[in-house]
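Geometric and topological summary
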Amino acid sequence: MPHTRRLFTAALLLICSLLWGQAFARTMVSVDRPVLNMRSGAGTDKPVLWALAQGFPLQVMARKGKWLKVKDFEGDIGWVYRPLVGKTAHVIVRSQIANVRSAPNTRSRIRGKVQYGEVLRTLEQRKSWVRVQRQSGTQGWIFKPLVWGW
């Protein structure tokens, strides 16, 4: 009997930890249209706070019907209409200037520089680096702490 109780307790703890992890997993979406309005509430009758460009990454905080409560890289919170966002991974530059490199290390050649607020398509992740693509098509690696949205 004590063995069965220990197994039950272990299974219960495992299930709780999995549910706890899922509850706090970071869900990201990105703007899937040329422009999307972020509103002060869930509805088209609510004031527009910001107009967001295609690819702009957002963290989902809550859901209300077809609306998502989201947070951007500066901590601004608002609501977006769920059918207008997608799961295509993007990041946004949060440092003033960041180097985009040819390989995921600081010794590799600099292919270009990106500026604060620039949206980049995420292609791949390796440890503390993200391979990105600019809207112009240029690809390279950027150090993860310099971007938000991964």
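Worth saying up front: this structure is predicted, and the values here are computed from it rather than measured. (Residues numbered from 1 in each chain as written. Predicted model: local features only at pLDDT ≥ 70, side-chain atom pairs only at ≥ 80, totals over all residues. Heavy atoms only, no water.)

Take the overall build of the protein next. In terms of helices and strands, the protein carries one helix and 14 strands. When the 150 residues of the protein are sorted by exposure, 33% land in the buried category. At a minimum sequence separation of 6, the contacts of the protein that also span at least 24 residues come to 47%. For the protein, the exposed surface amounts to about 9600 Å²; the carbon and sulfur share of it is 55%. (Helix = DSSP H or I, 4+ residues; strand = E, 2+ residues; numbered from the N terminus. Buried < 20%, exposed > 50% of the residue type's maximum accessible area, 1.4 Å probe, protein only. Contact = heavy atoms within 4.5 Å. Areas by Shrake-Rupley, 256 points an atom, 1.4 Å probe, with all protein chains shown as cover.)

Evaluated as defined, the whole model comprises five salt bridges. Aspartate 45 serves as the salt-bridge partner of lysine 46, at 3.9 Å between the closest nitrogen and oxygen. Judged by relative accessible area, which is 63%, aspartate 45 ranks as exposed. Two residues, glutamate 124 and arginine 126, come together in a salt bridge whose shortest N-O distance is 3.1 Å. Connected via shared salt-bridge partners are Glu124, Arg126 and Arg131. (Salt bridge = Lys/Arg side-chain N within 4 Å of Asp/Glu carboxyl O.)

Below, the discussion takes up the packing of aromatic side chains. In total, this model carries four aromatic pairs according to the counting rule given. Clustering of aromatic rings is evident, with ring pairs tying together Phe56, Phe73 and Tyr116. (Phe/Tyr/Trp six-rings, centres within 6.5 Å; stacked < 30°, edge-to-face > 60°.)

In this section: the confidence of the model for the protein. Per-residue pLDDT for the protein averages 88, and the proportion of residues at 70 or more is 83%. Counting contacts from residues 10-14, a segment whose pLDDT is below 50, to residues more than four positions away or on other chains yields zero contacts. (pLDDT = per-residue confidence, 0-100.)

Looking now at the environment of valine 48. Tracing the sequence through the fold places valine 48 in strand β3 (residues 48-53). Under the relative-accessibility criterion, valine 48 is labelled partly exposed at 43%. Along the chain, valine 48 and asparagine 37 lie eleven residues apart, while their C-alpha atoms are 6.0 Å from each other.

The biggest cluster of nonpolar side chains holds 16 residues, and the ones touching the most others in it are Phe56, Leu58, Leu68 and Val80. Put simply, the parts of the chain that give this core at least two residues each are β1 (28-31), β2 (35-39), β4 (57-64) and β5 (67-71). Residues within four places of phenylalanine 56 in sequence aside, it is in contact with Val29, Ser30, Val31, Asp72, Phe73, Ile92 and Val119. (Core = buried A, V, L, I, M, F, W, Y, C linked by side-chain atoms within 4.5 Å.)

The pairing of strand β8 (residues 90-93) with strand β11 (residues 119-126) spans three bridges and is antiparallel. Across the sheet, the residue bridging to histidine 90 is arginine 121, located in β11. Bridge count for β11 against strand β12 (residues 129-133) is five bridges, and the pairing is antiparallel. Residue pairing across strands places arginine 126 opposite tryptophan 129, the latter belonging to β12. The hairpin formed by β11 and β12 contains two residues between the paired strands, and lysine 127 there has a positive phi angle of roughly 45°. (Pairing = 2+ DSSP bridges.)

The phi dihedral of lysine 127 is positive, around 45°, even though this residue is not glycine. Using a relative accessible area of 81% as the deciding quantity, one classes lysine 127 as exposed.

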